[in-house]
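# Structural overview for review
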Amino acid sequence: MGCLPPRKQGDLGELSAIEWLGTQGYGVWIPIGHSPDCDLIATDRERLLRVQVKTTTFQRRNRWVVAVCPRGGNRSWNGIVKRFSATRCDWLFVLVRNGRRWFIPAKAVEGGANLHLGGPKYSEFEIDPGRPLPSPESR
């Protein structure tokens, strides 16, 4: 199976997050410009919430592997990759290839590079499924 271009896959993840947040009663804003720390701003009418959105199509041992540290151009001047941190966002929204989704409080995220979703850990944060990510063949 081929891959969607990363930016397109990320856009679909953000659209899925906007749809879910909106149906849950959140107001949603999209920041202007690229931010390595949050992709969306949501409000629950009491406070503003910074939401980082991630997507994955990669599975290993029946778990979805989600890279939560920035890759490529989002490195600091000394070349060190920024690890995921609850100081830079409040929630992590994840969409995987088959449409499963999670909305995880940033403080609950353990580890800084990858998450493994689909097992008991983080299961309490799984939300209703959305649309699956399209395969390149279906476009």
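Here we summarise the structure given alongside this text. Values in this document were obtained by computation on a predicted structure and should not be read as measured data.

What follows covers the nonpolar core. In this structure, Phe 84, Leu 92, Val 94, Trp 102, Ile 104, Leu 115 and Leu 117 are the most contacted members of the largest nonpolar core, which totals 16 residues. When residues of this core are traced back to their parent elements, those giving at least two are β5 (63-67), β6 (91-96), β7 (101-105) and β8 (114-117). The element that contributes the greatest number of residues to this core is β6, accounting for 3 residues.

Another aspect to go through is the pattern of salt bridges. Per the stated rule, a full pass over the model turns up 7 salt bridges. Between Arg 101 and Glu 19 there is a salt bridge, with its nearest N and O atoms 2.9 Å apart. On the criterion of sequence distance, the pair formed by Arg 101 in strand β7 and Glu 19 in helix α1 (residues 6-23) is long-range, its members being 82 residues apart. Arg 101 sits in the buried class, given a relative accessible area of 1%. With relative accessibility at 41%, the residue Glu 19 sits in the partly exposed group. In this structure, Arg 100 and Glu 126 form a salt bridge, with 2.7 Å as the shortest nitrogen-oxygen distance.

Before going further, it helps to examine the sheet that holds β8. Taken in spatial order, the 3 strands make up an open sheet running β4-β5-β8, and their pairing is antiparallel. At either margin of the open sheet sits one strand with a lone partner, and together these are β4 (59-60) and β8. In this sheet, β8 lies alongside β5 in antiparallel orientation, the contact comprising 4 bridges. Residue pairing across strands places Trp 64 opposite Leu 117, the latter belonging to β8.

Take the pairing of β5 next. Sheet topology note: the β4/β5 ladder contains 2 bridges and is antiparallel. By the bridge assignment, Arg 60 is partnered in β5 with Arg 63. Linkage of β4 to β5, two consecutive antiparallel strands, is achieved through a turn of 2 residues, within which Arg 61 is found at a positive phi near 50°.

Take the packing of aromatic side chains next. Remark: the centre distance and the inter-plane angle together describe each pair of aromatic rings, the angle taken between the planes. Going through the model one piece at a time under the given rule, you end up with 4 aromatic pairs. Both rings, one in Trp 20 and one in Phe 103, keep their centres 5.0 Å apart while their planes meet at 55°; by these two values the pair is tilted. Here the residue Trp 20 occupies a position in helix α1, and Phe 103 occupies one in strand β7, the gap between them amounting to 83 residues. As far as burial versus exposure is concerned, Trp 20 and Phe 103 are alike and both buried. Seen in terms of ring centroids, Trp 91 and Phe 103 are 4.3 Å apart; in terms of plane orientation they differ by 5°. Their pairing is stacked. Here Trp 91 is found in strand β6, whereas its partner Phe 103 is found in strand β7, with 12 residues between them in sequence. Accessibility assignment for this pair places Trp 91 and Phe 103 in one class, buried.

Definitions and cut-offs
- Residues numbered from 1 in each chain as written.
- Predicted model: local features only at pLDDT ≥ 70, side-chain atom pairs only at ≥ 80, totals over all residues.
- Heavy atoms only, no water.
- Core = buried A, V, L, I, M, F, W, Y, C linked by side-chain atoms within 4.5 Å.
- Buried < 20%, exposed > 50% of the residue type's maximum accessible area, 1.4 Å probe, protein only.
- Helix = DSSP H or I, 4+ residues; strand = E, 2+ residues; numbered from the N terminus.
- Salt bridge = Lys/Arg side-chain N within 4 Å of Asp/Glu carboxyl O.
- Pairing = 2+ DSSP bridges.
- Phe/Tyr/Trp six-rings, centres within 6.5 Å; stacked < 30°, edge-to-face > 60°.

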